[in-house]
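For reference, the chains in residue letters:
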Amino acid sequence: MGRMHADEHAVDTTLVRRLVRGQFPAGTGLPVTRLASGGTVNAVFRLGDRWTVRLPLTEGGAADITKERQVLGALGELPVAVPAVAAVGEPAEGYPWPWAVHGWLDGAPALEGRSAAGLAEFILALRANRAAGPPARRGRPLSTVDSAAREAIDELSRTDEPFDPEAALAVWAEALDAPPWTAPPCWLHGDLMPSNLLLRDGRLSGVLDWATAGVGDPAIDLIPAWNLLTADTRGAFREAVAADDATWARGRGRALAMAVIQLPYYRHTNPVISANARYVLAELGALTSSR
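Quick notes on the rules
- Residues numbered from 1 in each chain as written.
- Predicted model: local features only at pLDDT ≥ 70, side-chain atom pairs only at ≥ 80, totals over all residues.
- Heavy atoms only, no water.
- 1 Å grid on protein atoms, 1.4 Å probe; cavity = no way out; pocket = protein on both sides within 12 Å on 5 of 7 lines; lining within 4 Å.
- Points joined across faces, edges and corners; volume = space filled by probe spheres on them.
- Helix = DSSP H or I, 4+ residues; strand = E, 2+ residues; numbered from the N terminus.
- Pairing = 2+ DSSP bridges.
- Axes fitted to C-alpha atoms, helices over the stretch in contact; angles between N-to-C directions.
- Buried < 20%, exposed > 50% of the residue type's maximum accessible area, 1.4 Å probe, protein only.
- Polar contact = N/O pair within 3.5 Å; in protein donor to acceptor, adjacent residues only side chain to side chain.
- Arc of directions from axis to C-beta.
- Salt bridge = Lys/Arg side-chain N within 4 Å of Asp/Glu carboxyl O.
- Core = buried A, V, L, I, M, F, W, Y, C linked by side-chain atoms within 4.5 Å.
- Contact = heavy atoms within 4.5 Å.
- Bend = angle between axes of the 7 residues up to and from the residue.
- Parallel < 35°, antiparallel > 145°, perpendicular 65-115°, else oblique.
- Left-handed = near helix turned anticlockwise from the far one by under 90°.

Caption draft 1: Structural view of empty space enclosed by the protein. For the coordinates displayed, the defined rule picks out one cavity of 30 Å³ or more. Estimates place the volume of the largest cavity at around 50 Å³. For the lining of the largest cavity, the elements supplying multiple residues, two or more each, are helix 8 (245–266) and helix 9 (271–283). By residue number, the principal contributor to the lining of the largest cavity is helix 8, which donates four residues.

Caption draft 2: How the structure looks around the layout of surface pockets. Taken as a whole, the second largest pocket spans an internal volume of roughly 170 Å³. Lining the second largest pocket, in full, are G139, R140, P141, L142, S143, A175, L176, A178, P180, W181, D217 and R250.

Caption draft 3: Summary view of the sheet that holds strand 3 (residues 51–56). Spatial ordering of the open sheet is given by 1-2-3-5-4, a layout of five strands whose pairing is antiparallel. On the outer flanks of this sheet lie strand 1 (32–34) and strand 4 (85–89), each paired with one strand and no other. Sheet twist, expressed as the average angle between the axes of neighbouring strands with direction ignored, equals 25°.

Caption draft 4: A look at the side chain of E161. Within the secondary structure, E161 sits in the loop between helix 4 (146–157) and helix 5 (165–177). A relative accessible area of 5% means that E161 is categorised as buried. At 3.1 Å, the side chain of E161 and the side chain of R267 are in polar contact.

Caption draft 5: Main features of helix 1 (residues 13–23). By the burial criterion, the buried members of helix 1 are L15, V16, L19 and V20. For helix 1, the buried positions fall inside an angular range of 130° around the axis, keeping them on one side. Opposite the packed face of helix 1, turned more than 90 degrees from it, sit the exposed residues R21 and G22. Its side-chain oxygen 3.3 Å from the backbone nitrogen of T14, D12 forms the N-cap of helix 1.

Caption draft 6: Representation of the pattern of salt bridges within the structure. Tallying each qualifying case throughout the model produces twelve salt bridges. When the shortest N-O distance is used, the salt bridge between R278 and E161 registers 2.8 Å. Taken together, the positions of R278 in helix 9 and E161 in the loop between helix 4 and helix 5 put the pair 117 residues apart, joining distant regions of the chain. Each of the salt bridges in this network shares a partner with another, and the network as a whole consists of D160, E161, R267 and R278.

Caption draft 7: Fine view of the nonpolar core. One finds F122, W210, F237 and L281 to be the most contacted residues of the largest nonpolar core, which totals 61 residues. Residues in contact with F122, not counting those within four places in the same chain, are L78, P79, V80, L192, L204, V207 and W210. Counting 20 residues, the second largest nonpolar core, distinct from the first, contains L19, V32, A62 and Y95.

Caption draft 8: Quick peek at the environment of A152. With respect to the secondary-structure elements, A152 resides in helix 4. For A152 and Q262, which are 110 residues apart along the polypeptide, the C-alpha to C-alpha distance reads 8.5 Å.

Caption draft 9: Examining helix 2 (residues 59–74) more closely. Within helix 2, the axis deviates most sharply at T66, by approximately 25°. Those residues of helix 2 not exposed but buried are G61, A62, I65, E68, V71 and L72. On its buried face, helix 2 sits against strand 2 (42–47), strand 3, strand 4, strand 5 (99–103) and strand 7 (186–188). Among the residues trailing helix 2, G76 stands out with phi positive, at a value near 75°.

Caption draft 10: Representation of the environment of G27 within the structure. Of note, G27 is situated in the loop between helix 1 and strand 1. Of the residues examined, G27 reaches a relative accessible area of 2% and is grouped as buried. Between the alpha carbons of G27 and G139 there is a distance of 37 Å; along the sequence they are 112 residues apart. Residues within four places of G27 in sequence aside, it is in contact with V20, L47 and W51.

Caption draft 11: Representation of the packing of helix 8 against helix 9 in the model. Direction vectors running N to C along helix 8 and helix 9 enclose 140°, while the axes themselves pass 8 Å from each other. The angle between helix 8 and helix 9 falls in the class oblique. Taken as a pair, helix 8 and helix 9 cross one another with a handedness that is left-handed. Contacts between helix 8 and helix 9 involve A255, L256, A259, V260, Q262, L263 and Y266 on the former and, on the latter, I273, S274, A277, R278, V280 and L281.

Caption draft 12: Structural context of the pairing of strand 9 (residues 203–207). Strand 9 sits mainly inside the fold: four of its five residues count as buried. Two strands pair when backbone bridges link them, and strand 8 (residues 197–200) and strand 9 are joined in this way by four bridges, in the antiparallel orientation. Considered in strand 9, the bridge of L197 is made with V207. Once strand 8 ends, the chain turns through two residues before running back antiparallel as strand 9, passing D201 with a positive phi of about 55°.

Here it is as structure tokens:
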């Protein structure tokens, strides 16, 4: 995978070993392996059998280390595993930002076109959490990303991707026209990409990357309907999460916006994210067979 961000800090296993040796003695001398990941904010390394080390790639992602720790501490009981924060490290060894050590979670990342038993139950359990939480950026009204989505649709239409901008704009217009969420804000994860969903024997066993979590409109957590599921399984998921027409339309809009923003930016540097964006656009009818 190539460099994703112009301001990306170089990280490698040698840096991780030095940081661990200086600040996390329990991990000193353990094998360090960089994990293949579709993540765009952190580089993730496996440390021995028990931990992962997460290093933000840019200054913008550094604040997520503190936020994620706070969110994970507020969540309470959930029907799946979430990362346990073992340590938060300080800048050192030429690395300029905080970094974190999390407990390892077993499971294989979900794959597009497959189902994930227990996904709806997890979303409902999270939504029912009554703990106080920070406002979720992706839990705000869709209008807050209108300009970014339209600019991305225009940018994507000028690439060689087999993209149908008119179909995308139709999905987006329907989402914007849907009535907004008027119930009290509820807990949401905000980034239920397949790579953040861990499965064991086809059932959801763990959920990663909680930096985008908080409270707001739960429509964002419907995105697995288009970034993971198929037309054959989408209806059962919708029924299980009890999504009304308006919330479902806003969820489609969120899935579209994420895909059209991600694809132009990552199409040459992050094959996992770009492949998923293409999958979403195909499921939404916004890819054509040829240009």
